[in-house]
There are 2 protein chains.
Amino acid sequence: MSQNIFDDPVFFEGYYQLRQGLNYKDLFEQPAMRRLLPDVAGKRVLDIGCGYGHNCLEFAQKGAQRVLGIDLSEKMLAVARGESTHPNIEYRRMDMADLSQLNPGYDLIYSSLAFHYAADFGALAADIVRLLNPGGQLLYSQEHPIVTASIDCKGCYNRDEQGRAISYTFSDYARSGRRVGTWFVDGVVKYHRPMGEILTTLARAGLVIDEVVEPTPEDWAIRKKPALAQEFIKPSFLIVHAHKT
Amino acid sequence: MSQNIFDDPVFFEGYYQLRQGLNYKDLFEQPAMRRLLPDVAGKRVLDIGCGYGHNCLEFAQKGAQRVLGIDLSEKMLAVARGESTHPNIEYRRMDMADLSQLNPGYDLIYSSLAFHYAADFGALAADIVRLLNPGGQLLYSQEHPIVTASIDCKGCYNRDEQGRAISYTFSDYARSGRRVGTWFVDGVVKYHRPMGEILTTLARAGLVIDEVVEPTPEDWAIRKKPALAQEFIKPSFLIVHAHKT
């Protein structure tokens, strides 16, 4: 079973506060994902790691026929059921390692910043291909491999005397596997996979890769949060858009 | 026209000496490319940036029906015509920016460590798709975007007191474009493109991506050249294997 760090009270509170502010996800991961989102009207959508359900609600409001949002965290789903309700949405507590429990028939499988928690990416990719209809699409984001690379989770920006980020240092990129670091709490488990491993796994599972995006913030986002300019030094996120033939 | 640095006498001599020794290309780029090479028997092959023609000779010896090796450098081609002759091989001096001069009909387009010199990667990808037969394959390698990223071409390993590489520092990854650095001589021009840009360009041109490989050296290679162990810190090369439907 995947780690359920989101139900840790300290993590949940820290993450909830982060989500209310000017965070990287809202400022340029979600805008990039929204640009890549296909028309969902009349479609059946699965959102893996749906969190607060904001994306599920958006899909339903855009006319999706049915949206299933799954998440491992009861606390997240409690927020989703309060903030993001719609007659076409169902929320279900489920580990993304257990997708074999679902029946096929999805036109879009969407996931924002969850797949770096998946211990077995090959199994996840195989499940996705099985669940998609022919022509169905996968749109997902994850932390960029440059970010997850270092074994000690201590990849970092280097700064000049004025505190401006000027370069980035990392290590262990080619060592695929588990990474244990700190994010609000200690012991947060992620899985690093090099870019080549990620894309080859998706291709071998039977997906045609349409777009690979390493999003950068637009000017409006940098005006809101000047530190975002450091995204031009190294990427934070990886987005893959693919389809099943 | 692309820069013809290979005909610079100082560069040519430095590069020729490098090629005779234990270099990264021979120790793990070429072994990885060879593992990915499809059966070429009876096939028509185009080698872009064929250099000394060693790969062209290998394709011909493996039964390729016809091999066209192109390179911008007369000095390289003079070596190829001496070292790598075969009745099924033709060498032609040609800039990879001029592929529109060729007729379609190739089953495999191969290129080792040349595409980071291409100023217009979209045009190159479009030419490749036009030249390939349906079902034809592209197998190419280039310098990894992590290596080409830094504007000042000063990406570097960081070393501990014993001189062992422990991490890698780079910058400017998201700034796509021209890079001018030093390799034997000053003023060597390359083009940095982030991974996402490379793969999306190939996909949009009409190629299905089958494998994306960031090769690491095997044990035998590290025994020959211990410094290769640092390849587990950051990748040096990117290999893409794709096909036209």
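Being a predicted model, the structure only gives us computed values, none of them experimental.

J.: Give a detailed account of the sheet that holds strand 5 (residues 132-143) of chain B, specifying residues and quantitative values.
T.: Residue and element names in this part refer to chain B. Reading across the sheet, the seven strands line up as 3-2-1-4-5-11-10 and stay open at both edges, with mixed pairing between neighbours. Where the open sheet ends on each side, the last strands, each with one partner, are strand 3 (89-93) and strand 10 (207-213). When strand polarity is set aside, the average angle formed by the axes of neighbouring strands in this sheet is 15°. Bridge analysis of strand 1 (residues 44-48) against strand 4 (residues 106-112) gives three bridges, and the strand direction is parallel. Within the sheet, the bridge partner assigned to V45 lies in strand 4 and is L108.

J.: Can you break down the interface of chain B and chain A residue by residue, with the values?
T.: In this assembly, 33 residues from chain B lie in contact with 32 residues from chain A. For the pair chain B and chain A, the two sides together bury roughly 2,400 Å², of which 59% comes from carbon and sulfur. For the pair chain B and chain A, the number of links is two salt bridges. R204 of chain B serves as the salt-bridge partner of E211 of chain A, at 2.7 Å between the closest nitrogen and oxygen. In this structure, the connection of chain B to chain A is made through 21 residue pairs in polar contact (both at pLDDT 80 or more). Going through the elements one at a time, strand 7 (165-170), helix 7 (195-205) and strand 10 of chain B are the ones with two or more residues in the side of chain B that touches chain A. Per element, the largest residue contribution to the side of chain B that touches chain A is seven residues, and it comes from helix 7 of chain B. The residue inventory of the side of chain B that touches chain A, partitioned by class, reads 16 nonpolar, eight polar and nine charged.

J.: Which residues make up the pairing of strand 9 (residues 185-192) of chain A, and what values go with them?
T.: Residue and element names in this part refer to chain A. In terms of residue burial, strand 9 counts as a mostly covered element, since six of its eight residues are buried. In terms of strand pairing, strand 8 (residues 177-183) meets strand 9 through six bridges, oriented antiparallel. The residue bridging W183 from the neighbouring strand is V185, located in strand 9.

J.: I'd like to hear about the relation of the copies chain B and chain A, residue by residue, with values.
T.: What relates the pair of chain copies is a rotation about an axis plus a shift along that axis. With an axial shift of 0.0 Å and an RMSD of 0.0 Å, the rotation relating chain B to chain A amounts to 180°. What we have between these two chains is a two-fold relation. Using C-alpha coordinates, one finds that chain B approaches the rotation axis most closely at T169 of chain B, a distance of 2.2 Å. When the interface residues of chain B are mapped onto chain A, 97% of them again fall at the interface, so both copies present the same face.

J.: Summarise the packing of aromatic side chains; cite the residues concerned and give the values.
T.: Applying the stated criterion across every chain, the model contains 19 aromatic pairs over all chains. Here F170 of chain A and Y168 of chain B contribute two aromatic rings whose centre-to-centre distance is 6.3 Å and whose plane-to-plane angle is 75°, an arrangement assigned as edge-to-face. On the criterion of chain membership, the pair formed by F170 of chain A in strand 7 (residues 165-170) and Y168 of chain B in strand 7 is interchain, its members lying in two chains. Since its relative accessible area comes to 4%, Y168 of chain B is described here as buried. An aromatic cluster of three or more residues is present, and its members are Y157, Y168, F170 and Y173 of chain A together with Y157, Y168, F170 and Y173 of chain B. Seen from the ring of Y168 of chain A, K234 of chain A lies directly overhead, with NZ or CZ sitting 5.0 Å from the centre.

J.: Report on the sheet that holds strand 6 (residues 156-159) of chain A, specifying residues and quantitative values.
T.: If you walk across this open sheet you meet the four strands as 6(A)-7(A)-7(B)-6(B), and the pairing is antiparallel. The open sheet is flanked by strand 6 of chain A together with strand 6 (156-159) of chain B, the only strands paired with a single partner. On average, each strand axis in the sheet is tilted by 35° relative to the strand beside it, whichever way the strands run. Taken together, the three bridges between strand 7 of chain A and strand 7 of chain B define a ladder with antiparallel strand orientation. Across the sheet, residue T169 of chain A finds its bridge partner in strand 7 of chain B, namely T169 of chain B.

J.: Quick one: what's the story with unusual backbone geometry, residue by residue and with numbers?
T.: Non-glycine residue L113 of chain A carries a positive phi angle of around 55°. Summarising the element assignment, L113 of chain A is placed in the loop between strand 4 (106-112) and helix 5 (121-131).

J.: Outline the nonpolar core, listing residues and values.
T.: Residues L46 and F115 of chain A together with L46 and F115 of chain B are the most contacted members of the largest nonpolar core, which totals 104 residues. In contact with F115 of chain B, not counting residues within four places along its chain, are I48, M96, F121, L124, I128, L138, Y140, S141 and R193 of chain B.

What counts, and where the lines are drawn
Residues numbered from 1 in each chain as written. Chains lettered and ligands numbered in written order. Predicted model: local features only at pLDDT ≥ 70, side-chain atom pairs only at ≥ 80, totals over all residues. Heavy atoms only, no water. Pairing = 2+ DSSP bridges. Helix = DSSP H or I, 4+ residues; strand = E, 2+ residues; numbered from the N terminus. Axes fitted to C-alpha atoms, helices over the stretch in contact; angles between N-to-C directions. Contact = heavy atoms within 4.5 Å. Buried area = accessible area lost by both parts, 1.4 Å probe. Salt bridge = Lys/Arg side-chain N within 4 Å of Asp/Glu carboxyl O. Polar contact = N/O pair within 3.5 Å; in protein donor to acceptor, adjacent residues only side chain to side chain. Nonpolar A, V, L, I, M, F, W, Y, C, P; charged D, E, K, R; others polar. Buried < 20%, exposed > 50% of the residue type's maximum accessible area, 1.4 Å probe, protein only. Least-squares fit on C-alpha atoms with pLDDT ≥ 70 in both. Phe/Tyr/Trp six-rings, centres within 6.5 Å; stacked < 30°, edge-to-face > 60°. Lys NZ or Arg CZ within 6 Å of the ring centre and 35° of its normal. Core = buried A, V, L, I, M, F, W, Y, C linked by side-chain atoms within 4.5 Å.

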